[in-house]
Amino acid sequence: MASSNEQRRRQLAREKYERQAARRAEAHKRSKQRRAIIGAALAVVVVAAGGAWAGGVFDSDGKAKTPQAAPTAPVTQVKGCNPPAAGQPNGKQWKTEPAMTLDAKAAYTATLTTSCGPVTVSLDAAKAPHTVNSFAFLAGEQYFDHVKCHRLTTEGIYVLQCGDPTGTGSGGPGYQFPDENLTGATYPAGTLAMANAGPGTNGSQFFLVYKDTQLPPNYTPFGKITGGLEVLQNIAAGGVQGGGGDGAPVADVVLDKVAVAKG
């Protein structure tokens, strides 16, 4: 009987250990996924006050490689922000990159009407024709409308990431296209660039740089902010949900509407 009891105790202890191990593994997986948008290929280290911050690439591949479900948090008023317009992302999908329809010699302007204020961008069709063509196509399909900007970084790199209708960091339009305009690429404040999950994996996700940022030339820059940089700075001042320097912004930043105009 004693032997049977001992075996039972060992079995229960083993089952308890396995359950705890499974919970730890799942927690580690979620934590790893949350960091993946900036973490695959780059280590940017900023040392200050005896500490260091490390980050990496901006992933956007639609392969559930970088899910970042935005945590639920109480609504906090952030300067310049208002409730987003009513509506939901349409979540359209396409199998292939849209056909080229833009004039690479023409000037194009994007207007991002966000729940925290408007941002205008001069798009560089000459240096990034496929990127601008795709962005204009998605804007024309109302793909970006009602899409939440799901990620803000406030330490080491300074960007707001948007363009995923799922709000998780893993969504995209169903197609990918190659990188452009990478030679000598830099990311000063005011840069609009594509997020990716490695070479040639551009989709719909993009990031807006609100403060000079050091990144390797791996992310297609395709526009410069011409108005509304203070909108991004106000969003950044509101911080990240739960504190820290990387995650869903406290501000409920939604792209109420994105439009691209020629000329």
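Scroll up to find the structure this text is about.
Residues numbered from 1 in each chain as written. Predicted model: local features only at pLDDT ≥ 70, side-chain atom pairs only at ≥ 80, totals over all residues. Heavy atoms only, no water.

S.K.: Can you help me understand unusual backbone geometry in this one?
M.R.: The backbone of Gln142 sits at a positive phi, close to 60°, despite the residue not being glycine. Tracing the chain through its elements places Gln142 in the loop between helix H2 (129–140) and strand E5 (147–148). For Gln142, a relative accessible area of 38% puts it in the partly exposed group. Positioned with a positive phi, His146 is a non-glycine residue whose angle comes to about 75°. Topologically, His146 is positioned in the loop between H2 and E5. (Helix = DSSP H or I, 4+ residues; strand = E, 2+ residues; numbered from the N terminus. Buried < 20%, exposed > 50% of the residue type's maximum accessible area, 1.4 Å probe, protein only.)

S.K.: Explain the state of the cysteines here, please?
M.R.: Note on terminology: disulfide describes a covalent bond linking the sulfur atoms of two cysteines. In this structure the tally under the stated criterion is 2 disulfides. What pairs with Cys81 in a disulfide is Cys116, and their sulfur atoms sit 2.0 Å apart. Between Cys81 and Cys116, the disulfide has an S-S torsion of 105° and is therefore right-handed. Of the two residues, Cys81 is situated in the loop between strand E2 (51–55) and strand E3 (108–114) and Cys116 in the loop between E3 and strand E4 (117–123); the sequence distance between them amounts to 35 residues. Residue Cys81 is classed as buried on the basis of its relative accessible area of 8%. Cys116 gets classed as buried once you look at its relative accessible area, which sits at 4%. Described in terms of the sequence order of its bonded cysteines, the disulfide pattern of the chain is 1-2, 3-4. (Disulfide = S-S within 2.5 Å.)

S.K.: Is there a simple way to explain the packing of aromatic side chains in this structure?
M.R.: Any two aromatic rings considered together are summarised by their centre-to-centre distance and by the angle between their planes. For the structure shown, the criterion picks out 12 aromatic pairs. Pairing Phe135 with Phe206 gives two aromatic rings, centres 5.5 Å apart and planes at 80°, and the pair type is edge-to-face. Highlighted residues: Phe135 in helix H2 and Phe206 in strand E9 (residues 206–209), separated in sequence by 71 residues. Of the residues examined, Phe206 reaches a relative accessible area of 0% and is grouped as buried. The interplanar angle of 80° and the centroid separation of 5.8 Å between the aromatic rings of Tyr143 and Phe144 together place this pair among those described as edge-to-face. Phe144 matches Tyr143 in its accessibility class, with the two residues each being buried. An aromatic cluster is present here, built from Trp94, Phe135, Phe137, Tyr143, Phe144, Phe206 and Phe222 joined pairwise through their rings. The aromatic ring of Tyr158 is capped on one face by Lys211, whose charged end is 4.5 Å from the ring centroid. (Phe/Tyr/Trp six-rings, centres within 6.5 Å; stacked < 30°, edge-to-face > 60°. Lys NZ or Arg CZ within 6 Å of the ring centre and 35° of its normal.)

S.K.: Sorry, what's going on with the nonpolar core here?
M.R.: Generally speaking, soluble globular proteins have nonpolar side chains that are buried together. Grouped together as the largest cluster of nonpolar side chains are 44 residues, with contacts concentrated most on Leu112, Leu123, Phe144, Phe206 and Phe222. Residues Val159, Tyr187, Ala195 and Leu215 belong to the second largest nonpolar core, which totals 10 residues. (Core = buried A, V, L, I, M, F, W, Y, C linked by side-chain atoms within 4.5 Å.)

S.K.: Would you mind showing me how to read helix H3 (residues 229–238) here?
M.R.: An α-helix turns once every 3.6 residues. As a result, residues three or four positions apart point the same way. The complete set of buried residues in H3 reads Val231, Leu232, Ile235 and Ala236. All buried residues of H3 lie within an arc of 135° about the axis, which places them on one face of the element. Lining the buried residues of H3 we find E3, E4, strand E6 (151–153), strand E7 (159–162), E9 and strand E10 (221–227). Two residues or fewer after H3 comes Gly239, characterised by a positive phi angle close to 85°. (Arc of directions from axis to C-beta. Contact = heavy atoms within 4.5 Å.)

S.K.: Any chance you could explain empty space enclosed by the protein here in plain terms?
M.R.: In total, this model carries 2 cavities of 30 Å³ or more according to the counting rule given. Lining the largest cavity, in full, are Leu112, Thr114, Val119, Cys149, Leu160, Cys162, Leu208, Val231, Leu232, Ile235, Val253 and Leu255. Elements with a contribution of two residues or more to the lining of the largest cavity: E3, E7 and H3. Top contributing element to the lining of the largest cavity by residue count: H3, with 3 residues. Partitioned by chemical class, the residues of the lining of the largest cavity number 11 nonpolar, 1 polar and no charged. Space inside the second largest cavity adds up to approximately 40 Å³. Lining the second largest cavity, in full, are Thr131, Ser134, Phe135, Leu138, Phe144, Phe177, Met194, Gly203 and Ser204. For the lining of the second largest cavity, the element with the most residues is H2, which contributes 4 residues. Among the residues making up the lining of the second largest cavity, the classes are represented as 5 nonpolar, 4 polar and no charged. (1 Å grid on protein atoms, 1.4 Å probe; cavity = no way out; pocket = protein on both sides within 12 Å on 5 of 7 lines; lining within 4 Å. Points joined across faces, edges and corners; volume = space filled by probe spheres on them. Nonpolar A, V, L, I, M, F, W, Y, C, P; charged D, E, K, R; others polar.)

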